[in-house]
Amino acid sequence: MRINYFILLLISLLSFFRVQSQTATLRGKVIDAANSPVQGVSIRIKGISTGTSSNSEGAFTINTPSGATLVITALGYQSQEIPFTGQTQLTIQLEEDNQTLNEVVVTALGIKREKRQLTYSTQEVTGADIAKTKEPNVLNSLTGKVSGVQITSSSGQPGSSSRIVIRGTSSLSGNNEALIVVDGVPINNDQTGNNGNGNGISRFSDIDPAIIESVNVLKGSAASALYGSSAARGVVIVTTKNGSKDQKPSINFTSQYAIDKAIYPEVQSLYAQGDRGIYWNGIDNDQKTSLIWGPRLDTLRVNGNPVRNVNPMDAFFQTGKTYTNTISVQGGTDKSNYFMSYSYLDQEGTVPTTDYKRHAAFAKFSNKIFDKLTANFQFNYVSTTSHRTSEGYGLESPLWTIYTAPFSWDPSPATNEDGTQRVFRYSRNNPFWALENIYNDTRGNRFIPIATFTYNPADWLTITERLGADIYSEQSKYHEAPSDVLATPGILRDRNNNYRQFNHDFIAEARKQIGDDFEVSMLVGNNVFSTYDQRYQITGTGGFTVEDFNNISNTETQVSTEDYRRFRRVSFYAQPTVDYKKMLTLSFTGRMEQSSVFDKENRTYFYGSASGGFVFSELLKDKMPWLSFGKLRASYSKVGNDNVGAYATTTVYSIADNFPFNGIPGFLISGDLGNSNLKNETTTELEIGLETQFLNNRIGLEVNYFDRDHKDLLSYVTLANSTGYRNSYINAGSMYNKGIEALLNIAPVKKENFSWDLTFNFTKIKNRVTALYDDAESVQIGQTYAFKGQPYGTFFASGYSYNDAGQLLIDDTGLPVISESKAIGNIQPDWLAGLNNSITYKNLNLSFFFDMRKGGDLMNSDDRYGFFYGTSKATENREDRVVEGVNINTGETNTVTVSGQDYYQRLSNIYESAIQDGTYVKLRNVSLTYNFPEKYIKRTPFKRASLTATGRNLWIYAPHFTGSDPEVSSYGTGNDALGLYGNSVPTSRSYNFTLSLTF
């Protein structure tokens with residue numbers, strides 16, 4: 001018996017050693033088509049769960065039984081199966097998978113995911129597409145290119161701000177703009193620098209477009225939930241460029257030159273200055289008037305000579321010029337890579353003296369410290385200066401004067417021989433005098449450092465720590481000289497803004513392959529986000545004893561203020577994901593936040609999402625060979641939003657009027673009542689999407705439907721006088737956004753030397769305000785109104801009056817009756833669309849992009865004032881008329897004849913007369929690029945060379961709008977004056993020429 005046991009043991013040991021002798025250690029490396037290492041590639045043994053993944057150098061080690069088959073899978077690459085034949089070294093070269101839409105995209109927290117596995121909508125715009133637009137502001141380069149996104153410029157002045165809203169307005173008075181994230185770190189995009197009248201500068205304009213690799217837009221709440229409260233409004237993820245490993249230094253130099261021509265608003269050009277057809281020369285003291293209701297210019301003679309007939313805008317605006325030079329260098333070794341860039345932008349505006357200048361330095365360095373730890377360091381330093389003129393309806397604005405000036409008046413010179421201003425009317429400065437004496441100078445310095453550490457303790461576990469900051473200071477000086485025309489004493493205002501924002505993420509992600517079919521992952525993390533915002537301001541009035549000495553000590557009276565805000569948000573989040581055969585994906589997110597803007601009882605809130613995707617084309621490969629790819633996805637999410645400023649729960653102090661008095665300061669309890677019951681806004685969203693590719697990816701169609709419900713919206717409301725306070729923040733109401741997004745890609749021609757690619761996107765959103773506080777019918781946000789049961793952004797002002805039969809009511813003088821304030825229009829467009837074409841023939845590429853909007857009302861205040869002055873284009877029709885309608889007193893048809901002047905001057909008091917349809921079609925961008933063939937540059941030091949000619953805003957068709965550009969909202973990015981157009985610097989038609997050299 002013992003012999004039998006011994007024999008059995010010996011057989012078992014021999015079997016064990018035989019198996020061990022059949023298992024070998026395989027070492028290998030995974031590379032792509034460019035021979036660069038590929039990290040995160042899954043290498044496993046077919047049929048069992050044993051596996052590993054490649055490290056940052058593409059290297060891997062795995063114990064492999066004889067006769068086994070290795071299964072190689074990676075995001076964005078074709079899968080491979082390789083038989084193991086006992087080799088000890090193996091190099092695996094991956095091929096990109098273009099047949100199944102396996103491209104990798106950057107998602108929340110900077111994590112890369114395979115697009116086919118995403119369970120929500122995202123859209124990418126490449127850095128090359130951004131560069132083609134030649135826009136200094138990255139936001140403007142996205143206009144019309146992404147479905148579900150609306151971008152609105154505020155002005156044509158250099159450096160002006162832009163507003164970006166994703167999937168409609170989501171808050172009544174809080175921030176409605178998307179969160180901007182650069183390389184995983186949120187950055188500030190406030191509008192700053194508006195120290196005088198007019199809009200300011202968007203801080204996103206600090207980012208140099210030349211350093212951008214791609215921009216991904218996360219539209220829905222499920223996509224952005226991991227970013228927390230600020231992401232309830234959508235996220236714009238900017239990924240900057242990297243260097244390449246094992247590459248010698250490569251230098252690129254790009255030089256651009258652009259000219260800008262202002263696109264004028266429409267004005268009447270037939271009649272001279274005067275009143276009731278009588279000419280006023282605008283020179284003699286008793287001949288000055290704001291009215292342009294004089295005789296016809298073409299027949300007018302003074303002392304036998306024709307009067308001046310020149311558009312004042314021709315005399316005022318100049319050709320703008322922009323110079324941009326960029327140099328970058330990139331390269332790397334086997335363990336590190338780097339990318340560095342410097343650019344200088346010098347933009348001279350179409351308004352004389354205005355400019356915007358930007359120095360931008362960027363550096364990114366990545367290094368493999370040891371086998372399992374990689375560090376990435378980057379910084380972005382930006383220095384900007386701007387010289388801006390006043391805009392809007394302040395009396396100091398030169399634009400108000402020039403837009404309403406008569407063709408018969410010459411604005412030059414600005415002053416008379418005695419030093420007084422030359423003006424054609426009283427109560428307005430000469431526009432050229434205003435340019436020299438009323439302005440806002442701003443200087444900014446910004447630093448965005450980011451450090452990311454990635455540690456892989458095991459092939460299935462990645463630990464990431466990311467630290468980022470956004471620090472900027474801005475000094476602005478508003479100067480307004482004493483004016484003899486306005487009888488103003490003069491103002492100097494110095495303002496210093498200091499802003500610091502810190503972000504820290506600690507993320508652990510476990511990812512494991514289970515058998516051949518399942519891949520599971522779990523991501524957990526913690527985020528700490530804090531901001532500090534401080535503003536010092538000192539305003540001096542009067543004095544100006546020493547001429548041209550723009551120092552606050554040169555003023556008679558000074559009042560100083562200080563304002564600061566601190567904010568902190570601490571969050572914990574998780575995202576489990578299960579994937580089955582890369583065909584069925586199920587993902588969940590959860591996040592807990594504590595926000596300092598709320599009192600303790602409401603400070604903590606939870607939210608999350610559930611989403612799934614089904615790649616149904618995997619089941620139809622044989623039956624439908626024409627279907628390259630097909631995926632259905634659905635998600636449901638709930639996101640919280642702390643969309644209110646710091647200290648809204650507290651009643652604070654404010655400076656009392658007429659203080660300091662005798663050097664003693666005085667304060668009053670603020671008229672804003674703190675509300676300790678404030679709680680977070682919530683957005684719940686259902687999203688359903690379909691993604692398809694047909695005919696070997698020659699045709700692609702993506703369609704999304706979303707239903708977003710926004711509740712407990714925070715709003716700044718007016719209180720009853722009996723409370724003793726004027727205003728307070730409350731959770732004031734709710735609204736919804738429902739919509740459809742579509743993205744169509746077609747490649748009609750795809751040949752070796754010729755290709756044509758076409759992209760069309762479409763967005764239609766229905767917005768409604770569904771509830772307001774205490775059953776209120778409306779909420780006022782500055783000049784913007786939200787009415788219950790109506791879309792957000794109603795114009796509420798005087799209009800025409802009608803009887804029950806819909807007939808216009810006319811008074812006894814024969815003029816339209818002015819109604820009380822009522823809803824007269826709404827800013828929401830019916831739909832948005834964009835159409836891009838890219839045609840390539842050998843080394844020549846032509847691309848052109850059309851941008852479209854249907855509907856959406858605008859308040860053209862320039863026209864409303866122009867009705868009174870006689871400058872509106874409509875006032876060229878000055879014939880006497882009988883206004884169609886019925887008499888308000890008798891009900892009889894109106895028969896009273898009125899003059900054209902009386903008619904239009906009545907319209908100037910009817911705001912509804914200035915509501916115009918904002919429909920437009922734009923040829924927004926045309927770009928022609930020639931890439932020099934290698935044979936032309938092989939004897940030069942250059943590896944690549946190209947010339948590009950680009951045109952922007954070459955054609956604008958706006959049949960119902962008489963201003964410069966219906967896409968402009970003149971008063972900046974806030975909610976308080978949406979859709980208002982008035983006395984802003986006009987949009988420009990631009991021509992850009994670019995030379996790019998790589999060596």
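A brief look at the structure comes next. Values in this document were obtained by computation on a predicted structure and should not be read as measured data.

### Overview of the pattern of salt bridges
Right, on to step 1. Enumeration according to the criterion identifies 39 salt bridges in this entry.
Right, on to step 2. Glu593 is the partner of Arg591 in a salt bridge, and the nearest nitrogen-oxygen pair spans 2.8 Å.
Right, on to step 3. Residue classification places Arg591 among the buried positions, given a relative accessible area of 5%.
Right, on to step 4. A relative accessible area of 0% means that Glu593 is categorised as buried.
Right, on to step 5. Taken together, the salt bridges that share partners define one network made up of Arg167, Lys219, Lys631, Arg633, Glu685, Glu687, Glu691, Glu702, Arg708 and Glu741.

### A short note on unusual backbone geometry
Right, on to step 1. Cis geometry marks the peptide bond from Ser412 to Pro413, where omega comes out at -5°.
Right, on to step 2. Inspection of the secondary structure assignment puts Pro413 in the loop between helix 6 (398-403) and helix 7 (431-437).
Right, on to step 3. The backbone phi angle of Ala487 is positive, close to 55°, even though this residue is not glycine.
Right, on to step 4. Its location among the elements puts Ala487 in the loop between strand 29 (461-480) and strand 30 (491-514).
Right, on to step 5. In the Ramachandran plot, Lys582 falls in the positive-phi region, its phi being about 50° despite a non-glycine side chain.
Right, on to step 6. Examined against the element boundaries, Lys582 turns out to sit in the loop between strand 32 (555-580) and strand 33 (584-595).
Right, on to step 7. Given a relative accessible area of 22%, Lys582 falls into the partly exposed group.

### Remarks on the sheet that holds strand 6 (residues 80-83)
Right, on to step 1. With respect to topology, 4 strands assemble into an open sheet ordered 3-2-5-6, the strand pairing being antiparallel. Strands with a single pairing partner mark the edges of an open sheet, and in this sheet they are strand 3 (51-53) and strand 6. Taken over all neighbouring pairs, the strand axes of this sheet differ in orientation by 20° on average, direction set aside.
Right, on to step 2. As defined by bridge partners, strand 5 (residues 69-73) adjoins strand 6 across 4 bridges and the pair is classed as antiparallel. Of the residues in strand 6, the one forming a bridge with Ile72 is Gln80.

### So, the pairing of strand 48 (residues 831-841)
Right, on to step 1. Bridging between strand 42 (residues 754-772) and strand 48 involves 10 bridges; their strand directions are antiparallel. The residue of strand 48 that forms the bridge with Trp756 is Ile839.
Right, on to step 2. Here strand 48 runs beside strand 49 (residues 844-854); their pairing, made up of 11 bridges, is antiparallel. Of the residues in strand 49, the one forming a bridge with Leu832 is Arg853.
Right, on to step 3. Once strand 48 ends, the chain turns through 2 residues before running back antiparallel as strand 49, passing Lys842 with a positive phi of about 55°.

Definitions and limits used
- Residues numbered from 1 in each chain as written.
- Predicted model: local features only at pLDDT ≥ 70, side-chain atom pairs only at ≥ 80, totals over all residues.
- Heavy atoms only, no water.
- Salt bridge = Lys/Arg side-chain N within 4 Å of Asp/Glu carboxyl O.
- Buried < 20%, exposed > 50% of the residue type's maximum accessible area, 1.4 Å probe, protein only.
- Helix = DSSP H or I, 4+ residues; strand = E, 2+ residues; numbered from the N terminus.
- Pairing = 2+ DSSP bridges.
- Axes fitted to C-alpha atoms, helices over the stretch in contact; angles between N-to-C directions.

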